[in-house]
Amino acid sequence: PAIMDTYGWLLLQDGQVDAALKILQKAAALAGSNPEIRYHLAVALHENGNDRAAQSELEAILSQGISFNGDKDAMELLKKIKK
């Protein structure tokens, strides 16, 4: 899952949203509750126009209260989506 996450995140950064979303969905399914991978999935969902699913992912990972790489960005994205 970690390698898939990295690859999917790189694809997303390159603007390949559809390909990134598919890979990040698989990575998240394999990684369970890994908050960083689920955050990356939420960003991909948002970039793909699915804010409802992105919000659900963000709320789930942030409610865990676990610090992770990107937690502040996750909070900012959730605020942006809720506006």
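A few points on the structure.

## Concerning the overall build of the protein
Thinking step 1. The helix and strand tally for the protein stands at 5 helices and 0 strands.
Thinking step 2. Order of helices (α) and strands (β) in the protein, N terminus to C terminus: α-α-α-α-α.
Thinking step 3. Overall, the protein is about 25 × 25 × 15 Å in size when its C-alpha atoms are taken along their principal axes.
Thinking step 4. A burial count over the protein gives 40% of its 83 residues as buried.
Thinking step 5. If you take every contact in the protein between residues at least 6 apart in sequence, the share linking residues at least 24 apart comes to 43%.
Thinking step 6. Of the roughly 4900 Å² of accessible surface on the protein, a fraction of 50% belongs to carbon and sulfur atoms.
Thinking step 7. Charge separation in the protein, taken as the distance between the mean sites of 9 positive and 11 negative side-chain charges, equals 5 Å.

## A word on the nonpolar core
Thinking step 1. Membership of the largest hydrophobic core comes to 24 residues, with the highest contact counts inside it found for Leu 12, Tyr 39, Leu 41 and Leu 58.
Thinking step 2. When residues of this core are traced back to their parent elements, those giving at least two are helix H1 (2-13), helix H2 (17-31), helix H3 (35-47), helix H4 (51-63) and helix H5 (71-82).

## Remarks on the pattern of salt bridges
Thinking step 1. Summed over all chains, the structure comprises 3 salt bridges.
Thinking step 2. Note that Lys 82 and Glu 59 form a salt bridge whose closest N and O atoms lie 3.6 Å from each other. With Lys 82 in helix H5 and Glu 59 in helix H4, this pair connects stretches of sequence that are 23 residues apart.

## Thoughts on the packing of aromatic side chains
Thinking step 1. Applying the stated rule across the entire model yields 2 aromatic pairs.
Thinking step 2. An angle of 50 degrees between the planes, with centres 6.1 Å apart, marks the rings of Trp 9 and Tyr 39 as tilted. Here Tyr 39 lies in helix H3 and Trp 9 lies in helix H1, a separation of 30 residues in the sequence.
Thinking step 3. Judged by its relative accessible area of 23%, Trp 9 is partly exposed.
Thinking step 4. On the accessibility criterion, Tyr 39 (8% relative accessible area) is buried.

Reading the values: the criteria
Residues numbered from 1 in each chain as written. Predicted model: local features only at pLDDT ≥ 70, side-chain atom pairs only at ≥ 80, totals over all residues. Heavy atoms only, no water. Helix = DSSP H or I, 4+ residues; strand = E, 2+ residues; numbered from the N terminus. Buried < 20%, exposed > 50% of the residue type's maximum accessible area, 1.4 Å probe, protein only. Contact = heavy atoms within 4.5 Å. Areas by Shrake-Rupley, 256 points an atom, 1.4 Å probe, with all protein chains shown as cover. Lys, Arg positive; Asp, Glu negative; His and termini not counted. Charge placed at Lys NZ, Arg CZ, Asp CG, Glu CD. Core = buried A, V, L, I, M, F, W, Y, C linked by side-chain atoms within 4.5 Å. Salt bridge = Lys/Arg side-chain N within 4 Å of Asp/Glu carboxyl O. Phe/Tyr/Trp six-rings, centres within 6.5 Å; stacked < 30°, edge-to-face > 60°.

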